Amino acid sequence: MSALKDKLKADLTASMKSRDEVRTRTIRMALAAVNVEEVSGKAARELSDEEIIKVLAKEAKKRREAAEAFSGAGRAEQAQAEVDEQAVLEEYLPAQLSDEEIAEIVDEAIAESGATGPQAMGQVMKIVNPKVAGRAEGSRVAQAVRSRLAG
């Protein structure tokens, strides 16, 4: 079993013992999402830590989007619950890259590929994505690439 999955299970037990409802609920949901991912596809398999991080990042993004939707609808209590869950999930994710760090990686990729103009966005993204995997949201990276190629 992966180290991250072991940590999630240990933290679930600890949160249940300390009666931390938000943490317990969030970790249960995360483990359920990991289990669903493990049995999806043709054959059941064990996920690596990198794959688990991708699942957790997807779940954190869902929480962020739900919080925005709830706050937009004037439902502050539900929005806060989603924000709390997102905070718990982010404890298990690698630190997010700043905009400056993303810009630096994008500039290196543009120089490496020799890309010019917006039509070369795919080439640049192909180089950038493995470098930022799990540490930056795809939309932020795409925005940075688009602005660099346009300028």
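In this text, all values refer to a predicted model and were calculated from it rather than measured experimentally.

Glancing now at the layout of surface pockets. Roughly 390 Å³ of internal volume is contained in the largest pocket. Those elements that place two or more of their residues in the lining of the largest pocket are helix H3 (49–72), helix H6 (121–132) and helix H7 (138–150). Per-element tally for the lining of the largest pocket: the top contributor is H3, with 6 residues. Grouping the amino acids of the lining of the largest pocket by side-chain chemistry returns 7 nonpolar, 4 polar and 7 charged.

Here we come to the environment of Val-124. Of note, Val-124 is situated in helix H6. In this structure the C-alpha to C-alpha distance between Val-124 and Glu-91, which are 33 residues apart in sequence, comes to 30 Å. If near-sequence neighbours (up to four positions away) are discounted, Val-124 is found in contact with Val-106, Ala-109, Ile-110, Ser-113, Ala-115, Val-145 and Leu-149.

Attention now goes to the side chain of Glu-38. Of note, Glu-38 is situated in helix H2 (residues 21–39). Relative accessible area serves as the criterion here: at 8%, Glu-38 is assigned to the buried category. Setting aside residues up to four positions removed in sequence, Glu-38 forms contacts with Lys-5, Ala-43, Ala-44, Arg-45, Glu-46 and Leu-47.

All right, on to the side chain of Glu-85 then. Summarising the element assignment, Glu-85 is placed in helix H4 (residues 76–90). Glu-85 sits in the buried class, given a relative accessible area of 10%. What Glu-85 contacts, discounting residues up to four positions off in sequence, is Val-22, Arg-25, Thr-26 and Arg-63.

Moving on, we come to the nonpolar core. Residues Val-106, Val-124, Val-128, Val-132, Val-141, Val-145 and Leu-149 are the most contacted members of the largest nonpolar core, which totals 20 residues. The set of elements that each furnish at least two residues to this core consists of helix H5 (99–113), H6 and H7. For this core, the leading source of residues is H6, giving 6 residues. The next biggest cluster of nonpolar side chains, apart from the first, holds 19 residues, and it includes Leu-4, Leu-8, Val-34 and Val-88.

For the rest of this paragraph, the subject is the environment of Lys-58. Looking at the element boundaries, Lys-58 is found in helix H3. Taking the C-alpha atoms as reference points, Lys-58 and Gly-117, separated by 59 residues in sequence, lie 30 Å from one another.

Moving on: the environment of Ala-150. Inspection of the secondary structure puts Ala-150 in helix H7. Sequence spacing of Ala-150 and Gly-138 is 12 residues, and the spatial spacing of their C-alpha atoms is 18 Å.

The next point concerns the packing of H6 against H7. Between H6 and H7, the shortest axis-to-axis distance is 10 Å and the interhelical angle comes to 140°. The orientation of H6 relative to H7 falls into the category oblique. Like other packed secondary-structure pairs, H6 and H7 cross with a definite hand, here right-handed. Contacts between H6 and H7 pair Met-121, Val-124, Met-125, Val-128, Asn-129 and Val-132 from the former with Val-141, Ala-142, Val-145, Arg-146 and Leu-149 from the latter. Grouping the constituent residues of the contact of H6 with H7 by class yields 9 nonpolar, 1 polar and 1 charged.

Criteria and thresholds
- Residues numbered from 1 in each chain as written.
- Predicted model: local features only at pLDDT ≥ 70, side-chain atom pairs only at ≥ 80, totals over all residues.
- Heavy atoms only, no water.
- 1 Å grid on protein atoms, 1.4 Å probe; cavity = no way out; pocket = protein on both sides within 12 Å on 5 of 7 lines; lining within 4 Å.
- Points joined across faces, edges and corners; volume = space filled by probe spheres on them.
- Helix = DSSP H or I, 4+ residues; strand = E, 2+ residues; numbered from the N terminus.
- Nonpolar A, V, L, I, M, F, W, Y, C, P; charged D, E, K, R; others polar.
- Contact = heavy atoms within 4.5 Å.
- Buried < 20%, exposed > 50% of the residue type's maximum accessible area, 1.4 Å probe, protein only.
- Core = buried A, V, L, I, M, F, W, Y, C linked by side-chain atoms within 4.5 Å.
- Axes fitted to C-alpha atoms, helices over the stretch in contact; angles between N-to-C directions.
- Parallel < 35°, antiparallel > 145°, perpendicular 65-115°, else oblique.
- Left-handed = near helix turned anticlockwise from the far one by under 90°.

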